Amino acid sequence: IKIIGILTSGGDAPGMNAAIRAVTHTALNKGLNVIGIQDGFLGLFKNRMIQLQKSNVSNIINRGGTLLGSARFPEFSQKDIRLTSIKNLYQRKIDALIIIGGDGSYIGAKYLTNMGLPCIGIPGTIDNDVAGTDYSIGYFTALETIVEAIDRLQDTSASHKRISIVEIMGRYCGDLTLAASIAGGCEFIILPEITYTKENLLIDIKKSIKNGKNHAVIAITEHLYDVKKLARYIQEKTKRETRATTLGYIQRGGTPVVYDRILASRMGSYAVKLLLEGYQGRCVGIINEVLVHHDINNALKYMKKPFKSDWLVTAKNLY
Ligand code: ATP
């Protein structure tokens, strides 16, 4: 391997830049050339590529987002699109590719590896829903942002004796919501992994009002309810002012926290090492603080993250 490519794909996540920097530095130090592909798989197809030197990645370890840009490009599931993309890579003499993203990006990496281009996946998404790793790059930074927002909602909810619903990202994974609920002291939690209907929620809210509680923060993962409608429902049934706040894209941005910078740096360096050792079609993970790598197919098929049911028990003990 002489030239490696790197791209970021799917939703951006704080710490992606630290991973790009780590890949670039490690690869250059090993005598390789590094090509940055812009805008994920879209840039691969459109041939948007730039040579990366250390100067390109200086002063980015502390910056959110991704300097390479990211994109959703569902057309990458089409074989002819992937063939054109691979041709673009070969034209630049790129021998291998490091892909930073979530599960969807891993599928892209798997296809490219099967088509003859060695790929390594690095988990980069705030959702922490990637197979084969305890944590993905960006998760801890998003958690800090969310908990800060919940703290603020707690202040105003308590002052106005209000019920607040806070909608948190995570796609179909409740990790962010669950962890943020514990850290933010939320009274109720609605997660994709657990059936908890609005009727059950209402019963629990009424109970807590009866027990003298005069405000509450309800944390809910996105895509489960229309939170504005849910707020109207609760207000109507409890006669308590109820407001919904969707945190939205602010959860994606911001300066990466120290853990994400270190995780990204370790994973980026490790991915280059794996390629140099001849590995391909692997995804990097961290399990019990140790870096590991798995076959992407196996990770996607068999290594779905188990739900942290003990965390939910803890959260409920704290109500
Ligand atoms: P996040 O968790 O932040 O959403 P992700 O990597 O899971 O990250 P997706 O949008 O699911 O985000 O996937 C990113 C990109 O990976 C897609 O836009 C597409 O280019 C590629 N991809 C996803 N699924 C496939 C597939 N089945 N075949 C080929 N490419 C795919």
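Residues numbered from 1 in each chain as written. Predicted model: local features only at pLDDT ≥ 70, side-chain atom pairs only at ≥ 80, totals over all residues. Heavy atoms only, no water.

## What about the pattern of salt bridges?
- Enumeration according to the criterion identifies 10 salt bridges in this entry.
- Residues Arg 48 and Asp 39 are paired through a salt bridge, measuring 2.7 Å at the closest nitrogen-oxygen approach.
- Exposure remark for Asp 39: the relative accessible area of 21% places this residue in the partly exposed category.
- Measuring nitrogen to oxygen at the nearest pair gives 3.2 Å for the salt bridge that ties Glu 277 to Lys 273. (Salt bridge = Lys/Arg side-chain N within 4 Å of Asp/Glu carboxyl O. Buried < 20%, exposed > 50% of the residue type's maximum accessible area, 1.4 Å probe, protein only.)

## Concerning the pairing of strand 10 (residues 282–287)
- For strand 10, the buried fraction is high: 5 of the 6 residues fall into the buried class.
- Relative to strand 10, strand 5 (residues 119–123) is paired through 2 bridges, and the arrangement is parallel. Within the sheet, the bridge partner assigned to Gly 121 lies in strand 10 and is Cys 283.
- Here strand 10 pairs with strand 11 (residues 290–295) via 6 bridges, running antiparallel. Along strand 11, the bridge assignment pairs Ile 286 with Leu 291. (Helix = DSSP H or I, 4+ residues; strand = E, 2+ residues; numbered from the N terminus. Pairing = 2+ DSSP bridges.)

## As for the UniProt feature "binding site: Mg(2+)" (unreviewed entry) in the chain
- Those places that UniProt annotates as "binding site: Mg(2+)" (unreviewed entry) correspond, in this numbering, to Asp 103.
- Relative to the helices and strands, Asp 103 is located in helix 4 (residues 103–114).
- Those residues in contact with Asp 103 that lie beyond four places of it in its chain are Asp 129, Val 130, Ala 131, Leu 300 and Lys 304. (UniProt positions renumbered as here; feature names shortened; annotations may be inferred. Contact = heavy atoms within 4.5 Å.)

## Things to note about the UniProt feature "domain: Phosphofructokinase" (unreviewed entry) in the chain
- The residues that UniProt annotates with the feature "domain: Phosphofructokinase" (unreviewed entry) are residues 4–275.
- This span, residues 4–275, is 44% helix and 17% strand, and a straight line between its end C-alpha atoms measures 9 Å.

## Remarks on the sheet that holds strand 2 (residues 33–37)
- Read across the sheet, 7 strands follow the order 3-2-1-4-5-10-11 without closing on themselves; strand pairing throughout is mixed. Whereas interior strands pair on both sides, the edge strands pair on one side only; in this sheet they are strand 3 (49–52) and strand 11. When the angles between neighbouring strand axes are averaged without regard to direction, this sheet yields 25°.
- In this sheet, strand 2 lies alongside strand 1 (residues 3–8) in parallel orientation, the contact comprising 4 bridges. Across the sheet, residue Ile 6 finds its bridge partner in strand 2, namely Gly 36.
- Its contacts with the sheet put helix 9 (residues 258–276) on strand 1, strand 4 (96–101), strand 5, strand 10 and strand 11, and the angle it makes with strand 10 is roughly 140°. (Axes fitted to C-alpha atoms, helices over the stretch in contact; angles between N-to-C directions.)

## Digging into empty space enclosed by the protein
- Per the counting criterion, the structure on display carries 1 cavity of 30 Å³ or more.
- Counted as a void, the largest cavity has a volume near 50 Å³.
- Lining the largest cavity, in full, are Ile 163, Phe 188, Ile 205, Ser 208, Ile 209, Lys 213, Asn 214, His 215, Ala 216 and Arg 240.
- Take the lining of the largest cavity: its biggest share by element is 3 residues, from helix 7 (residues 198–210). (1 Å grid on protein atoms, 1.4 Å probe; cavity = no way out; pocket = protein on both sides within 12 Å on 5 of 7 lines; lining within 4 Å. Points joined across faces, edges and corners; volume = space filled by probe spheres on them.)

## Some details on the nonpolar core
- Formed by 52 residues in total, the largest nonpolar core has its most connected members in Ile 4, Ile 98, Ile 122 and Ile 168.
- Ignoring any residue separated from it by four or fewer positions in sequence, one finds Ile 4 in contact with Val 23, Ala 27, Leu 32, Asn 33, Val 34, Ile 35, Ile 94, Ala 96, Ile 98, Val 272 and Leu 275.
- If you look at the next biggest cluster of nonpolar residues, it comprises 28 residues, including Phe 73, Ile 86, Tyr 106 and Cys 283. (Core = buried A, V, L, I, M, F, W, Y, C linked by side-chain atoms within 4.5 Å.)

## Focus on the sheet that holds strand 9 (residues 242–246)
- Pairing is parallel in the open sheet, where 4 strands are placed in the order 7-8-6-9. Lying at the two open borders of the sheet, with one neighbouring strand each, are strand 7 (188–190) and strand 9. Neighbouring strand axes in the sheet, compared pairwise and without regard to direction, differ in orientation by 20° on average.
- Where strand 6 (residues 163–168) meets strand 9, 5 bridges bridge the pair, whose relative direction is parallel. By the bridge assignment, Glu 167 is partnered in strand 9 with Thr 246.
- The strands touched by helix 7 are strand 6, strand 7 and strand 8 (216–221); relative to strand 7, the strand with the most contacts, the crossing angle is about 175°.

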